[in-house]
Amino acid sequence: MSAAALARLARLSPLATAARRRPSLPSVAAAGVRAMSSWPTDRKYLKSHEWVKVEGSVGTVGITSHAADELGDIVHVELPDMGASVTARTPTGTVESVKATSELYTPVSGTVVEVNEPLTDTPELVNSDALGDGWLWKVELSKPEEMDELMDADTYDKSIGDH
């Protein structure tokens, strides 16, 4: 692990990590009743926990807070190069946490038009705001019809069970 990654890890305390976790709904889960999805409905999801939110012909890609929580404290993110051609459901980057290094998959095919540069110095943004400022890259869609193959929020919610 690099010195920069160790320094970032040192800034993260277990209490700060716990404060970032999504609140659960124990009363709903205990009753065996599923609440409506708590995932944003303005995006689509992969079973591998990546999401894409399309505005016009550009999709913003990230991972869900469920994935970020499962990974633990994220200490490094490797993003694709600007201009890279990416193919749906193929490895496009990696995320390194205190627990493991995992591949990141792109939900849709196209060309990378932007990467979230702040993640280079502050990868913990993925933990603190996975569905917002912790986005990973943006891709100009080459096959918009691939969006139809992705899960909506309710289907994603059911795929991961109670969270």
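None of these values were measured; they are calculated from a predicted model.

Thresholds applied
Residues numbered from 1 in each chain as written. Predicted model: local features only at pLDDT ≥ 70, side-chain atom pairs only at ≥ 80, totals over all residues. Heavy atoms only, no water. UniProt positions renumbered as here; feature names shortened; annotations may be inferred. Helix = DSSP H or I, 4+ residues; strand = E, 2+ residues; numbered from the N terminus. Contact = heavy atoms within 4.5 Å. Polar contact = N/O pair within 3.5 Å; in protein donor to acceptor, adjacent residues only side chain to side chain. Pairing = 2+ DSSP bridges. Axes fitted to C-alpha atoms, helices over the stretch in contact; angles between N-to-C directions. pLDDT = per-residue confidence, 0-100. Core = buried A, V, L, I, M, F, W, Y, C linked by side-chain atoms within 4.5 Å. Buried < 20%, exposed > 50% of the residue type's maximum accessible area, 1.4 Å probe, protein only. Salt bridge = Lys/Arg side-chain N within 4 Å of Asp/Glu carboxyl O. Phe/Tyr/Trp six-rings, centres within 6.5 Å; stacked < 30°, edge-to-face > 60°. Lys NZ or Arg CZ within 6 Å of the ring centre and 35° of its normal.

Colleague: What is the right way to read the UniProt feature "modified residue: N6-lipoyllysine" (unreviewed entry) in the protein from this model?
Modeller: When the UniProt feature table is mapped onto this chain, "modified residue: N6-lipoyllysine" (unreviewed entry) is found at Lys99. With respect to the secondary-structure elements, Lys99 resides in the loop between strand E6 (91–97) and strand E7 (101–105). Among residues more than four places away in sequence, those in contact with Lys99 are Asp69, Glu70, Leu71 and Gly72. A distance of 3.2 Å separates the side chain of Lys99 from the backbone oxygen of Glu70, its partner in a polar contact.

Colleague: What is the right way to look at the environment of Glu55 in this model?
Modeller: Among the structural elements, Glu55 can be located in strand E2 (residues 50–55). Through-space distance from the C-alpha of Glu55 to that of Asp42 is 9.7 Å; in sequence the pair is 13 residues apart.

Colleague: Looking at this structure, I do not really get the sheet that holds E7. What am I missing?
Modeller: In a beta sheet, neighbouring strands are held together by backbone hydrogen bonds and run either parallel or antiparallel to one another. Pairing is antiparallel in the open sheet, where three strands are placed in the order E4-E6-E7. One side of each edge strand has no neighbouring strand; the edge strands of this open sheet are strand E4 (74–78) and E7. Direction aside, neighbouring strands of the sheet carry axes that sit 25° apart on average. The pairing of E6 with E7 spans five bridges and is classified as antiparallel. From the neighbouring strand, Val95 faces E7, where its bridge partner is Ser102.

Colleague: I'm lost on the confidence of the model for the protein in this one. Help?
Modeller: Detail in the predicted coordinates should be disregarded across regions flagged by low pLDDT. Put simply, the protein has an average pLDDT of 83, and 76% of its residues get 70 or more. Taken as a whole, residues 1–35 scores under 50 in pLDDT and shows 43 contacts with residues more than four places along the chain or in a different chain.

Colleague: Please explain the nonpolar core as it appears in this structure.
Modeller: One broad trend across soluble globular proteins is that nonpolar side chains are buried collectively. In this structure, Ile63, Ile74, Val77, Val126, Leu136 and Trp137 are the most contacted members of the largest nonpolar core, which totals 25 residues. Of all elements in the fold, only strand E3 (58–63), helix H4 (65–71), E4, strand E8 (110–115) and strand E9 (137–141) reach the threshold of two or more residues within this core. Residue contacts for Ile63: discarding those within four places in its chain leaves His49, Glu50, Trp51, Ala68, Leu71, Ile74, Leu104, Val126, Ala130, Leu131 and Leu136. With eight residues, the next largest nonpolar core counts Trp39, Trp51, Trp135 and Tyr156 among its residues.

Colleague: Is there a simple way to think about the pattern of salt bridges in this case?
Modeller: A side chain with one charge may pair with a side chain of the opposite charge, provided their charged atoms come close. Within the structure shown, the criterion is met by three salt bridges. Notably, a salt bridge pairs Asp42 with Arg43, separated by 2.9 Å at the nearest N-O pair. For Arg43, a relative accessible area of 7% corresponds to the buried category. Linking Asp42 and Lys53 is a salt bridge whose minimum nitrogen-to-oxygen distance equals 3.2 Å. Here Asp42 is found in the loop between helix H3 (26–30) and strand E1 (44–45), whereas its partner Lys53 is found in strand E2, with eleven residues between them in sequence. On the basis of relative accessible area, Asp42 is assigned to the partly exposed category, the value being 38%.

Colleague: What is the right way to read the packing of aromatic side chains from this model?
Modeller: Two aromatic rings are characterised by how far apart their centres lie and by the angle between their planes. Taken as a whole and assessed by the stated rule, the structure comprises three aromatic pairs. Ring geometry for Trp39 and Tyr156: centres 5.3 Å apart, planes at 75°, overall edge-to-face. Of the two residues, Trp39 sits in the loop between H3 and E1 while Tyr156 sits in helix H6 (residues 153–160), which places them 117 residues apart along the sequence. On the accessibility criterion, Trp39 (2% relative accessible area) is buried. Taken together, the ring pairs connect Trp39, Tyr45 and Tyr156 into an aromatic cluster. Arg43 extends its terminal NZ or CZ atom over the ring of Trp51, reaching a point 4.3 Å from the ring centre.

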